[in-house]
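# Observations on the model geometry
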Amino acid sequence: MRFPRASDPELLDVIDRYVKPTTQEVGRYLHLLHANFSRDEESERTPFLQSLSAAARKITDEELEILLESEWRSRLTAAWLIGFDRREHFRDILGDLLLASQFCFSGQGYCFALAQFGTEEDALHLTAYLDRYLQRPDCQYDQHWAISALLHIDSRTGIEHAARFLAPGGLWDQWNEAQFRPLAPSQFIDELCALADQHTSTNDTPEATE
């Protein structure tokens, strides 16, 4: 585990270049948190996503590994960059981090990346997570992100992995009904993946560190 501190200049450098940069007033990670960028006006969302896409192409695997060893802001950002550039060789690393759920919020990025990869292997990572954490009503972690990612993969593959979780009275209902604000499962990750695809299919992107 690496924490941002003066004694680790390598980590601080990667954070400064990829976690903090933005075209707006707050850091990149805050726009990624809860996919806040998706609720921005298009005039703000477009340059942000262009910058994110450029960063995803520019960052090295070694720099991503450095971020994945750090705290939640770095891990969240790294996972989104991995998903944007579809670096599928990180699949098992992200799946293991999701299952461990060591930090808050970073699981949102893992779920997005797995949804972007969109294969049977990714579905298995998500089902393993849901099998564990839907049986923990005391843990309000990233279950909504995981079920949305799984529904996205199901829609692409035609395999209904999510069905057994969403059956009436099943694990989803049991966990959701125990929450302070129960919410129906949503396919919001469909929109996030569509936005990512839209902005990774063009090359007219600003510099990654803007």
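Scroll up to find the structure this text is about.
Overview of the structure. Just so it is clear, the model here is predicted, and its values are computed rather than measured. (Residues numbered from 1 in each chain as written. Predicted model: local features only at pLDDT ≥ 70, side-chain atom pairs only at ≥ 80, totals over all residues. Heavy atoms only, no water.)

Topologically, Leu33 is positioned in the loop between helix 2 (28-32) and helix 3 (42-58). Owing to a relative accessible area of 10%, Leu33 belongs among the buried residues under this scheme. Taking C-alpha positions, Leu33 is 20 Å from Phe90, a pair spaced 57 residues apart along the chain. Those residues in contact with Leu33, other than ones at most four positions away along the chain, are Trp72, Leu76, Phe105 and Gln108. (Helix = DSSP H or I, 4+ residues; strand = E, 2+ residues; numbered from the N terminus. Buried < 20%, exposed > 50% of the residue type's maximum accessible area, 1.4 Å probe, protein only. Contact = heavy atoms within 4.5 Å.)

Glancing now at the environment of Asp16. Checked against the element boundaries, Asp16 lands in helix 1 (residues 9-19). For Asp16, a relative accessible area of 42% gives the class partly exposed. Sequence separation between Asp16 and Ser186 is 170 residues; the distance between their C-alpha atoms is 34 Å. A polar atom in the side chain of Asp16 sits 3.4 Å from the side chain of Lys20. (Polar contact = N/O pair within 3.5 Å; in protein donor to acceptor, adjacent residues only side chain to side chain.)

Note on placement: Asp122 falls in helix 8 (residues 120-133). Asp122 gets classed as buried once you look at its relative accessible area, which sits at 0%. Those residues in contact with Asp122 that sit more than four places away from it in its chain are Arg91, Leu114, Phe117 and Ile153.

Turning next to the packing of helix 6 (residues 91-100) against helix 8. For the pair helix 6 and helix 8, interaxial distance at closest approach is 9 Å and the crossing angle is 10 degrees. Here helix 6 lies roughly parallel to helix 8, going by the angle between them. In this structure, helix 6 contributes Arg91, Asp92, Gly95, Leu98, Leu99 and Ala100 to the contact, and helix 8 contributes Glu121, Asp122, His125, Leu126, Ala128, Tyr129, Arg132 and Tyr133. Here the residues of the contact of helix 6 with helix 8 sort into seven nonpolar, two polar and five charged. (Axes fitted to C-alpha atoms, helices over the stretch in contact; angles between N-to-C directions. Parallel < 35°, antiparallel > 145°, perpendicular 65-115°, else oblique. Nonpolar A, V, L, I, M, F, W, Y, C, P; charged D, E, K, R; others polar.)

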